[in-house]
Amino acid sequence: MIALIDCNNFYASCERVFDPRLNGKPVVILSNNDGCVIARSNEAKALGIAMGAPAFLMKELLEKQDVHVFSSNYALYGDMSNRVMQTIHELVPALEIYSIDEAFVDLRAMPYADLSELARTIRERVRQCTGIPVCVGIAPTKTLAKIANRYAKKNTDQGVFVVPAGAMPTEILENTAVEDVWGIGRQYQKLLTGHGILTALDLARTNPHWIKKHLSIVGERLVRELNSQPCYELEDQPQAKKGICTSRSFGTPVTDYPILEEAVATFTARCAEKLRRQQSAAHLMHVFVFTNPHRPDQPQYYGNRVLQLPVASNSTMEMVAMAMRGLKIVFREGYTYKKAGIMVSGIVPEDEVQMDLFAMDEKRRTLERKAMTALDQLNRRMGRDTVKVGKQGYNRSWHLRQERRSRRYTTRWEELLDV
DNA sequence: TCTGGGGTCCTAGGACCC
DNA sequence: TCTGGGGTCCTAGGACCC
């Protein structure tokens with residue numbers, strides 16, 4: 001059996017842990033740049049505030065209904081996520097962190113006759129140690145555990161639901177709309193409902209050949225999983241990423257080349273850090289810049305370039321130098337840039353990098369590697385970008401708009417909660 | 001009379017997830 | 001004034017190999 005543990009309204013719940021006055025009130029959290037609504041408390045959902053709704057269109061409603069609005073505070077949410085995961089991990093050893101607010105756990109080796117008792121224990125312990133409410137769904141497959149979790153959230157006071165192994169759980173499948181099944185998005189929903197497949201139960205009973213033809217092998221696995229046949233194992237070892245992207249919209253639009261340089265250098269430094277953290281190196285870098293597509297009255301431009309490093313690298317210095325060459329190529333004077341980013345791919349383990357007879361000499365490479373290790377250690381201890389390359393600059397005028405961010409209660413001494 | 005049977009790698013595009 | 005930022009997997013088609 002597999003459990004899916006999912007935090008309720010996670011970002012809103014994080015804010016509430018440190019400000020209980022928010023309990024019972026509508027709370028929403030905005031995306032980077034205070035752009036869209038990306039998390040809502042139940043009270044906010046009840047007001048009809050949609051996921052992904054642009055904040056500026058909701059302004060009146062948010063004010064009129066006295067909604068508490070927050071900018072994203074990823075320092076807080078990331079740290080709270082770590083605490084939740086650690087708490088679960090202390091109770092169940094086999095844990096797959098699926099997203100910032102969800103984890104699958106393998107219950108096969110757990111000495112509990114009654115799995116709902118274990119689920120309640122997990123729930124209470126997470127609540128006690130972190131203040132975050134979670135729901136737990138338990139079932140023979142991941143897909144069914146997802147459905148069980150959703151059902152626990154919507155239909156029970158306990159926040160726990162178990163789909164037993166053995167017989168097909170017809171009742172819960174019948175009460176789950178097909179578009180609420182994990183892996184069924186907008187396009188597949190349209191296709192399936194067009195063929196009269198409206199519920200998870202209908203989908204579970206659909207002809208596998210038809211599914212394979214229209215939803216590919218992914219759909220076939222999904223149908224098997226609905227029939228209690230596991231196709232997805234628990235992945236408790238995180239896999240190295242095959243592509244890494246750092247991109248941002250700018251708080252204020254950018255026209256100046258030096259400011260664009262600072263932004264792109266910073267994104268590159270972030271990609272290099274991510275590569276080093278997973279002990280990888282990349283040999284392709286994709287630089288892109290673009291104007292605001294929501295302003296058709298302004299001239300539009302999308303510039304992008306893929307650059308090849310002679311030897312796969314994760315050195316901030318080498319990668320920033322390369323990114324600056326790419327930016328020079330894609331930059332066009334006279335446009336107002338809204339967003340830029342760096343994507344790296346062609347990722348290999350850092351100890352399996354293929355050398356080049358004519359590239360940077362080995363001595364320099366070793367030195368840079370040592371420098372990067374020192375840089376990472378310093379920045380981990382003293383805070384991000386304590387040590388950085390000069391191109392990253394001090395300007396920050398391109399930086400995010402975050403007008404309503406709460407304090408970083410758990411990761412900054414100077415922002416601790418006052419009692 | 002009649003024209004094989006395997007493979008690999010790469011890219012673009014489309015679907016999905018949080 | 002104003003619309004986020006990451007990822008994954010699969011398939012089809014083209015080019016190539018023996």
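The preceding data block contains the structure.
The paragraphs below set out a description of the structure included in this document. (Residues numbered from 1 in each chain as written. Chains lettered and ligands numbered in written order. Predicted model: local features only at pLDDT ≥ 70, side-chain atom pairs only at ≥ 80, totals over all residues. Heavy atoms only, no water.)

### Points about the pattern of salt bridges
Tallied over the entire structure, the rule returns 19 salt bridges. Put simply, Arg83 and Asp79 hold a salt bridge, and the shortest N to O gap is 2.8 Å. Here Arg83 and its partner Asp79 are both found in helix H4 (residues 74-91), 4 residues apart, which amounts to about one turn of the helix. The closest approach of N and O atoms between Glu96 and Lys142, which form a salt bridge, is 2.7 Å. Of this pair, Glu96 sits in strand S5 (residues 95-99) while Lys142 sits in helix H6 (residues 142-155), and the two are 46 residues apart along the sequence. By relative accessible area, Lys142 is classed as buried at 3%. When salt bridges with common partners are traced through the structure, they connect Asp106, Arg108 and Glu233 into a single cluster. (Salt bridge = Lys/Arg side-chain N within 4 Å of Asp/Glu carboxyl O. Helix = DSSP H or I, 4+ residues; strand = E, 2+ residues; numbered from the N terminus. Buried < 20%, exposed > 50% of the residue type's maximum accessible area, 1.4 Å probe, protein only.)

### What about the protein's contact with DNA strand C?
Taken together, 25 residues surround DNA strand C, and among them Cys245, Ser247, Ser249, Arg295 and Lys338 come closest. When atoms of DNA strand C within 4 Å of the protein are sorted by moiety, sugar and phosphate together comprise 76%. Within the side chain of Ser31, a nitrogen or oxygen atom sits 3.0 Å from a sugar or linking oxygen of DNA strand C. One nitrogen or oxygen atom from the side chain of Arg248 is found 2.9 Å from a phosphate oxygen belonging to DNA strand C. Looking at the surface near DNA strand C, the elements that each hand over two or more residues are helix H10 (208-226), strand S9 (244-254) and strand S12 (337-349). Tallying contributions element by element places S9 first for the surface near DNA strand C, with 6 residues. Partitioned by chemical class, the residues of the surface near DNA strand C number 7 nonpolar, 10 polar and 8 charged. (Near = heavy atom within 4 Å. Polar contact = N/O pair within 3.5 Å; in protein donor to acceptor, adjacent residues only side chain to side chain. Nonpolar A, V, L, I, M, F, W, Y, C, P; charged D, E, K, R; others polar.)

### Some thoughts on the state of the cysteines
Overall, the coordinates contain 0 disulfides when judged by the stated rule. Considering cysteine sulfurs only, Cys7 is the nearest to Cys14, which forms no disulfide, with 7.4 Å between them. On the basis of relative accessible area, Cys14 is assigned to the buried category, the value being 0%. Cys245 supplies the cysteine sulfur nearest to Cys271, a cysteine that is in no disulfide, at a spacing of 6.5 Å. Assessed through its relative accessible area of 0%, Cys271 is described here as buried. (Disulfide = S-S within 2.5 Å.)

### Details of H6
An ideal rise of 1.5 Å per residue puts 20 Å on 14 residues; H6 measures up with 20 Å between its terminal C-alpha atoms. Of the residues making up H6, those classed as buried are Lys142, Thr143, Leu144, Ala145, Lys146, Ile147, Ala148, Asn149 and Ala152. (Expected span 1.5 Å × (residues − 1).)

### Quick word on the protein's contact with DNA strand B
Around DNA strand B sit 13 residues in total, of which Glu102, Lys146, Gly183, Gly185 and Tyr188 are the nearest. Restricting the count to atoms of DNA strand B within 4 Å of the protein gives a sugar and phosphate share of 100%. At 2.9 Å from a phosphate oxygen of DNA strand B is found a main-chain nitrogen or oxygen belonging to Gly185. Tyr188 places a main-chain nitrogen or oxygen 2.8 Å from a phosphate oxygen of DNA strand B. Where the surface near DNA strand B is concerned, the elements lending two or more residues are S5 and helix H8 (186-194). In the surface near DNA strand B, the residues fall into 5 nonpolar, 4 polar and 4 charged.

### Description of the sheet that holds strand S4 (residues 68-70)
Remark on secondary structure: sheet strands pair via backbone hydrogen bonds, oriented parallel or antiparallel. In space, the 3 strands of this open sheet follow the order S3-S2-S4, with mixed pairing throughout. Edge strands, defined here as strands with exactly one partner in the open sheet, are strand S3 (37-40) and S4. Each strand axis lies, on average, 25° off the axis of its neighbour in the sheet, ignoring direction. Note: strand S2 (residues 27-30) against S3, 3 bridges, orientation antiparallel. Pairing of Val28 across the sheet is with Arg40, part of S3. Across the face of the sheet, helix H1 (residues 10-18) comes into contact with S2, S3 and S4 while running at roughly 115° to S2. (Pairing = 2+ DSSP bridges. Axes fitted to C-alpha atoms, helices over the stretch in contact; angles between N-to-C directions. Contact = heavy atoms within 4.5 Å.)

### A word on the sheet that holds strand S1 (residues 2-7)
Across the sheet, which stays open at both edges, the 5 strands sit in the order S5-S6-S1-S7-S8 with mixed pairing between neighbours. At either end of the open sheet lies a strand with only one pairing partner, and these are S5 and strand S8 (160-162). Within this sheet the neighbouring strands show an average axis-to-axis angle of 15°, counted without direction. Along the sheet, H6 contacts S1, S5, strand S6 (102-106), strand S7 (134-139) and S8; its crossing angle with S7, the most-contacted strand, is approximately 140°.

### Focus: the pairing of S6
Where burial is concerned, most of S6 is hidden: 5 out of the 5 residues are buried. Along S6, one buried face is formed by Glu102, Phe104 and Asp106 and the opposite face, lined by Ala103 and Val105, is buried too. Looking at chain direction, S1 and S6 are connected through 5 bridges and run antiparallel. From the neighbouring strand, Asp6 faces S6, where its bridge partner is Glu102. Here S5 runs beside S6; their pairing, made up of 4 bridges, is antiparallel. Among the inter-strand pairings, Leu95 is bridged to a residue of S6, identified as Val105. As consecutive antiparallel partners, S5 and S6 are separated by 2 residues.

Treat this as a map of the structure, not an account of what it does.
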